[in-house]
Amino acid sequence: MPVVQKVDRVILQHPKTGNQGSSAEILLYGATVVSWKAPSPTSNEPVERLFVSGKAALDGSKPVRGGIPVVFPCFGAPTHPTHAKLPQHGFARNNVWTFNSIVMDNEAGVSVKLSLGPNPTIQQQYDHPFHLDFVVTLAEHQLSTDLHVKNTGLSTTPPMEFQALFHNYIRAPANDVRVSPLTGLSFYDKTEATEEARATSKMETREGVDVTKFTDSVYENAPGRYDVVWPSGAIEVRTINMKDVVVWNPQEEAGAKIGDMETGGWEKYICVEPGYVRGYVKLPAGETWVGQQVLTVKV
Ligand SMILES: O=P(O)(O)OC[C@H]1O[C@H](O)[C@H](O)[C@@H](O)[C@@H]1O
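The shown structure was predicted, so the numbers you read here are calculated from the model rather than taken from an experiment.

### Details of the sheet that holds strand β13 (residues 178–180)
Spatially, eight strands are ordered β7-β8-β9-β10-β21-β18-β17-β13 in an open sheet, and the strand pairing comes out antiparallel. A strand with exactly one partner marks an edge of an open sheet, and here the two such strands are β7 (98–106) and β13. In this sheet, neighbouring strand axes are inclined to one another by 15 degrees on average, regardless of whether the strands run parallel or antiparallel.

### Let's talk about the UniProt feature "active site" (unreviewed entry) in the protein chain
With numbering matched to this structure, UniProt assigns "active site" (unreviewed entry) to His167 and Glu273. Maximum C-alpha separation among the annotated residues is 4.8 Å over a sequence range of 107 residues, consistent with a single clustered spot. Position of histidine 167 relative to the elements: it lies in the loop between β11 (160–166) and β12 (169–171). When near neighbours in sequence (up to four residues on either side) are disregarded, histidine 167 contacts Ile68, Pro69, Val71, Cys271 and Glu273. On the secondary structure map, glutamate 273 appears in strand β20 (residues 269–283). A tally of 25 C-beta atoms within 10 Å means that glutamate 273 is categorised as buried. With sequence-adjacent residues up to four places away left out, glutamate 273 is seen in contact with Leu165, Phe166, His167, Asn168, Val245, Val246 and Trp248.

### Notes on the environment of threonine 212
As for its position among the elements, threonine 212 is in the loop between β15 (202–203) and β16 (215–219). Placed 73 residues apart in sequence, threonine 212 and alanine 285 show a C-alpha to C-alpha distance of 44 Å.

### Re the site of the ligand
In the region of the ligand, the neighbouring residues are Pro63, Gly76, Gln88, His89, Lys190, Asp216, Val246, Trp248, Cys271 and Glu273. At the level of secondary structure, the elements contributing two or more residues to the shell around the ligand comprise β19 (244–249) and β20. Across the shell around the ligand, the residue classes break down as four nonpolar, three polar and three charged.

### What to know about the environment of asparagine 94
The residue asparagine 94 is located in the loop between β6 (70–71) and β7 in this model. Here asparagine 94 falls in the partly exposed class, since 19 other C-beta atoms lie within 10 Å of it. Considering only alpha carbons, one finds asparagine 94 and proline 231, 137 residues apart in sequence, at a separation of 35 Å. Those residues in contact with asparagine 94, other than ones at most four positions away along the chain, are Gly30, Lys62 and Pro63.

### Some points on the pairing of strand β17 (residues 225–230)
The pairing of β13 with β17 spans three bridges and is classified as antiparallel. Paired with serine 180 across the bridge in β17 is aspartate 227. By the bridge criterion, six bridges tie β17 to strand β18 (residues 233–240) in an arrangement that is antiparallel. In the sheet register, tryptophan 230 faces β18, and the bridge partner there is glycine 233. The turn joining β17 and β18, which pair antiparallel and follow one another in sequence, is formed by two residues.

### A look at the sheet that holds strand β5 (residues 47–48)
Either a parallel or an antiparallel arrangement is found when strands of a sheet pair, and the pairing is made through backbone hydrogen bonds. Judged by pairing direction, the sheet is antiparallel, and its five strands sit side by side in the order β1-β2-β3-β4-β5 without closing on themselves. Each having just a single partner strand, β1 (3–5) and β5 make up the two edges of the open sheet. Strand direction decides the pairing type here: β1 and strand β2 (residues 9–13), joined by three bridges, are antiparallel. By the bridge assignment, glutamine 5 is partnered in β2 with valine 10.

Cut-offs used in this document
Residues numbered from 1 in each chain as written. Predicted model: local features only at pLDDT ≥ 70, side-chain atom pairs only at ≥ 80, totals over all residues. Pairing = 2+ DSSP bridges. Helix = DSSP H or I, 4+ residues; strand = E, 2+ residues; numbered from the N terminus. Axes fitted to C-alpha atoms, helices over the stretch in contact; angles between N-to-C directions. UniProt positions renumbered as here; feature names shortened; annotations may be inferred. Contact = placed C-beta atoms within 7 Å. Buried ≥ 20, exposed ≤ 12 C-beta atoms within 10 Å, placed from the backbone. Near = placed C-beta within 6 Å. Nonpolar A, V, L, I, M, F, W, Y, C, P; charged D, E, K, R; others polar.

Listed below in structure tokens is the structure:
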């Protein structure tokens, strides 16, 4: 079966290649993609492409440390008045979504939609009317995620102002991986010690950005297509409507302070996170915004 529904997750299996083909698992909690196995173009062996910490909670008690958490409607600590009661990275990653439908099931791949609307927990923290759909599409060497945000308010409702980001934990050796092209972009360095330094933009001069030291950089107005390359692999990240990109790896010292990070886990991934996180999308009542990414295994 290309789509298997379990109590807590949905499993996608690429139809063309049976059990030897690509697959993906999406938890209903947070609509978090917790596994994506895909072969490289030159092999038939599906390989796990995402990192999930061995200490990650997968029972809905806290956001998943790994995979692809969906960050919405705020990135980091809330800065917009309508987000003031929300936790870091918002409510999408720590609420249970519902399985909506199978969107596509053919030889090219398989696609499912999960949905989230206001529930009593969310309404205590956030009172703007909204509806979210999250569509995950699995192809032979690709995984796409599309977030559809609808402002379901009446015409008198103010525009909805939000940020959104796909928090990809790409499985790669942190000390050998490089991300490009980011040269010439301005970025904000969240590892700086003072608020003033964190709010002062820097200019990226490196051809291939590494994370060999603690890195937490928010690049703005980025090109929307990134090569994530390491000695034995490469993944391309293409995006639509996600104008910014965050590159994050805590390295050893900061990594050891993350309670749900397995020992040495920071060495096994790089977060390359496309999003709209500098400023806010302003969505009029009745309208829908779609942010998309396509991850492609290149090597
Ligand atoms: O620990 P979390 O809330 O999951 O956040 C993990 C990380 O997410 C993003 O990459 C932010 O830029 C980082 O500042 C943050 O540490």
